[in-house]
Amino acid sequence: MYPQELKFTTIFRKDETNIGDWYSSPEQYFYLPGETVDIWQLNHEYVPETENIIYGGGGLIGGMRPMGHVITNQKNANKRIYGWGLGEHIYISMDEQTQFHPPVDISYPFYVRKFDLLGIRDWYPNLYTALPQTRWVPCSSCMHKAFDEEYEVKHDIAFFTHKNFPMHIVHMLPKDTWDYPHMTNDGENTFEEVINFLGSADVIITNSFHGAYWATLLGKVVICFPWSTKFYGLKHAPIMCPAPDWKKALNDKEQKQYKGALEECRQANKDFHVELINHILNTPQTFSVET
């Protein structure tokens, strides 16, 4: 049981029009009593009253978030800082025509060292070796009960699109792709409807991080158009290709499916929850000012 006084402030991107952001917060699936705050509405001097602060989930590392300054202030105020399902998210060197981002070496910013525990959704084992308080914790949306249902497969192929990157404009996909079933992550559909859609096809083609993640959890073959570094952090990697090559990728004999991904991701989240609570209850809080 939690001590009655144990409270949390969970900071993430509270955007109801982006279903991936909205369902990435661990307080929706685990008992983490307290308040939630939208990182895009955050004052740079913000320090909550609660002692325990959780950042995540979502791609909050990079992408012009105010993380470094805010986390330093909060640590100086003797707060405990935790990350849960945080991900790296940088836009650089995209191909102008197809918006394809090649794999690159990732460097994490200085403030990752300030977390008391950092559960990061990116699968980069070297990071866990360099920072002992860091471990792989994928997006907590895997805990949603929609993944416990069975879905009828009605289509060979379906497209799931990020609302800000329409495939026919950004990736220059030809018009014949619109003969396939399509859905976007614009928040017009419920989480259950999105998962039902992803479950309705054998192959999901997507430029959405969470579309790729959720389809993988459903055991689908996933072909992904990566327009950001964040896609390369997926442990259960989809097939990555520039959009014009999707049919070639579809014929790849090494199509990837990860039948155990759902249970693996859920177990990592359950283990992190236990570790986080034990850390809070068993680690004395000491005051130290960092500059």
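Our subject is the structure listed above.
Residues numbered from 1 in each chain as written. Predicted model: local features only at pLDDT ≥ 70, side-chain atom pairs only at ≥ 80, totals over all residues. Heavy atoms only, no water.

**Notes on the overall build of the chain**
Test applied: Every helix listed is a DSSP run of H or I at least four residues long, and every strand listed is a run of E at least two residues long, numbered separately from the N terminus. Only protein chains enter the accessibility calculation, which uses a 1.4 Å probe. A residue is then buried if its area is under 20% of the maximum for its type, exposed if over 50%, and partly exposed in between. Here, two residues are considered to be in contact whenever any of their heavy atoms come within 4.5 Å of each other. Reported accessibility uses the Shrake-Rupley method at a 1.4 Å probe radius. Residues are deemed covered only where the shown protein chains occlude them.
Along the backbone of the chain there are 8 helices and 12 strands. Considering the chain as a whole, with its 291 residues, one finds that 57% of them fall into the buried category. If you take every contact in the chain between residues at least 6 apart in sequence, the share linking residues at least 24 apart comes to 70%. Accessible surface, the chain as shown: approximately 13500 Å² in total, 50% of it carbon and sulfur.

**Observations concerning the packing of helix α6 (residues 209-217) against helix α8 (residues 261-282)**
Worth spelling out the cut-off: Only the contacting stretch of a helix is used when fitting its axis, a line to C-alpha atoms as for every element, and angles between N-to-C directions run 0 to 180 degrees. Angle categories: roughly parallel below 35 degrees, roughly antiparallel above 145, roughly perpendicular from 65 to 115, and oblique for all the rest. Under the grouping applied here, Gly and all other residues not named as nonpolar or charged are polar, the nonpolar ones being Ala, Val, Leu, Ile, Met, Phe, Trp, Tyr, Cys and Pro and the charged ones Asp, Glu, Lys and Arg.
Running from N to C, α6 and α8 cross one another at 110 degrees; their axes reach a closest spacing of 7 Å. Comparing their axes, α8 and α6 come out roughly perpendicular. In contact with Tyr213, Thr216 and Leu217 of α6, α8 contributes Ala261, Leu262 and Cys265. When the residues that make up the contact of α6 with α8 are grouped by side-chain class, the tally is 5 nonpolar, 1 polar and no charged.

**A closer look at unusual backbone geometry**
Omega for the peptide link from Gly56 to Gly57 comes to 0 degrees, which places this bond in the cis form. Phi is positive for Asn78, which is not a glycine, with a value near 70 degrees. By relative accessible area, which is 23% here, Asn78 ends up partly exposed.

**Description of the nonpolar core**
Where a protein is soluble and globular, its nonpolar side chains tend to be buried together. Using the following cut-off: Among buried residues, those of type Ala, Val, Leu, Ile, Met, Phe, Trp, Tyr and Cys that are joined through side-chain atoms within 4.5 Å constitute a nonpolar core.
In this structure, Tyr55 and Trp214 are the most contacted members of the largest nonpolar core, which totals 72 residues. Residue contributions to this core peak at 8 residues, all from α8. Ignoring any residue separated from it by four or fewer positions in sequence, one finds Tyr55 in contact with Ile11, Leu60, Met67, Val70, Ile71, Gln74, Ile81, Tyr82, Gly83, Trp84, Leu86 and Phe115.

Shape is all these values report; function is a separate question.
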